[in-house]
Amino acid sequence: MPGIVEKLQTFVEKTFKTTLEVFLEALKLSPNAQGYVSGSITELLLKEKLESLGVEVRRIREKWEGKKHHNHHGDFYFRLRKNSPWYVLESKGVKSNSEQVHNLYNVNSLKNFLYSNKEIIHWIDLGQPAEPQIEGWIQSNLSEMVSGKYSTDLYSYEEIQSYLKNPPKIE
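Residues numbered from 1 in each chain as written. Predicted model: local features only at pLDDT ≥ 70, side-chain atom pairs only at ≥ 80, totals over all residues. Heavy atoms only, no water.

*Asks:* I keep staring at the packing of aromatic side chains and nothing clicks. Help me out?
*Replies:* Aromatic ring pairs are reported here in terms of the distance separating the ring centres and the angle at which the planes meet. One pass over the full model with this rule turns up 4 aromatic pairs. For the ring pair Phe 11 and Phe 16, a centre distance of 6.2 Å and an interplane angle of 80° mean the geometry is edge-to-face. The rings of Phe 11, Phe 16 and Phe 23 are connected pair by pair, giving a single aromatic cluster. Sitting over the ring of Phe 76, Arg 59 keeps its end group 5.6 Å from the ring centre. Taking the ring centre of Tyr 115 as reference, the NZ or CZ of Lys 118 above it sits at 4.1 Å. (Phe/Tyr/Trp six-rings, centres within 6.5 Å; stacked < 30°, edge-to-face > 60°. Lys NZ or Arg CZ within 6 Å of the ring centre and 35° of its normal.)

*Asks:* Explanation requested: the nonpolar core in the structure shown.
*Replies:* Soluble globular proteins tend to pack their nonpolar side chains together in the buried interior. Core analysis: the biggest nonpolar cluster contains 10 residues, these being Leu 104, Val 107, Leu 110, Leu 114, Ile 121, Ile 124, Ala 130, Ile 134, Ile 138 and Met 145. For this core, the secondary structure elements donating two or more residues are α5 (107-116) and α6 (130-141). Excluding residues within four positions of it along the chain, Val 107 makes contact with Ile 138, Met 145 and Asp 153. Core analysis: the second largest hydrophobic core is formed by 5 residues, Val 55, Val 57, Phe 76 and Phe 78 among them. (Core = buried A, V, L, I, M, F, W, Y, C linked by side-chain atoms within 4.5 Å. Buried < 20%, exposed > 50% of the residue type's maximum accessible area, 1.4 Å probe, protein only. Helix = DSSP H or I, 4+ residues; strand = E, 2+ residues; numbered from the N terminus. Contact = heavy atoms within 4.5 Å.)

*Asks:* I'm lost on the pattern of salt bridges in this one. Help?
*Replies:* Two side chains with opposite charge may pair up if their charged atoms get near one another. Applying the stated criterion across every chain, the model contains 7 salt bridges. With its nearest N and O atoms 3.5 Å apart, the salt bridge here joins Glu 25 to Lys 28. In this pair, Glu 25 and Lys 28 both sit in helix α2 (residues 20-28), 3 residues apart, roughly one turn of the helix. One salt bridge connects Glu 56 with Arg 79, and the closest N-O pair in it is separated by 2.8 Å. On the criterion of sequence distance, the pair formed by Glu 56 in strand β1 (residues 56-59) and Arg 79 in strand β2 (residues 76-79) is long-range, its members being 23 residues apart. What you see here is one network of salt bridges that share partners, running through Glu 56, Arg 58 and Arg 79. (Salt bridge = Lys/Arg side-chain N within 4 Å of Asp/Glu carboxyl O.)

*Asks:* Just to check I follow, could you spell out the pairing of β2 for this structure?
*Replies:* It is a general feature of regular strands that their side chains alternate between the two faces of the sheet. Side chains Phe 76 and Phe 78 of β2 all project onto a buried face; the interleaved residues Tyr 77 and Arg 79 project onto the opposite face, where all are buried too. For β2 and strand β3 (residues 87-89), the ladder comprises 3 bridges, and the chain directions are antiparallel. Across the sheet, residue Phe 78 finds its bridge partner in β3, namely Tyr 87. (Pairing = 2+ DSSP bridges.)

That is the geometry; function is a separate question.
As C-alpha cells, then:
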C-alpha cells in the first residue's frame, strides 16, 4: 500500500505532469494557488468537524451544470436532523487579509484581537473575566501556538525590512 508521499507524487505527476520539486516551487511562487489550497483545506476540515457532530453535509459543486439557484452560492448544504430544513454554508478560512493585518498567526496578537472583540465572541461569558477564557480556548483549540511548532513569532517581509532600516539602538 503506497504511503502519503507516493500518493502525492502520483497525483502531481498525473494531474500536473511534473515532479514534486517543480510542483512545490510553483506553489511557493503562487499566492493565489496557496489561497485556493488553503480554502480547500478549510472546507475539508469544516466538513469533517460538522460530520463528527452528527450534522448531515452535502458539497455544493463548484462547476454547476445548468442554472444555479440564486440563494445557493456557498460551499455546503447542511442540516441538523433528517427532516429539518437544509441551510447553505460558505466557509472562510482564517488565512485572510484580516489575519495578515492583525498578525493572528502570532499568539500574543491573536490574544489581543480576541480580547478586543470579546463582546461578539459567542463562547466568552461576559460575566466572567475574558482573559482566562481566551487563554483556555487557545490552549484547548490551538495548543501548538502556545507550546508547539507555531509558538515562534512570524514577521512579514515588510516588518523585517523596516527593522533592518531602523534597528533599535539598544539590543
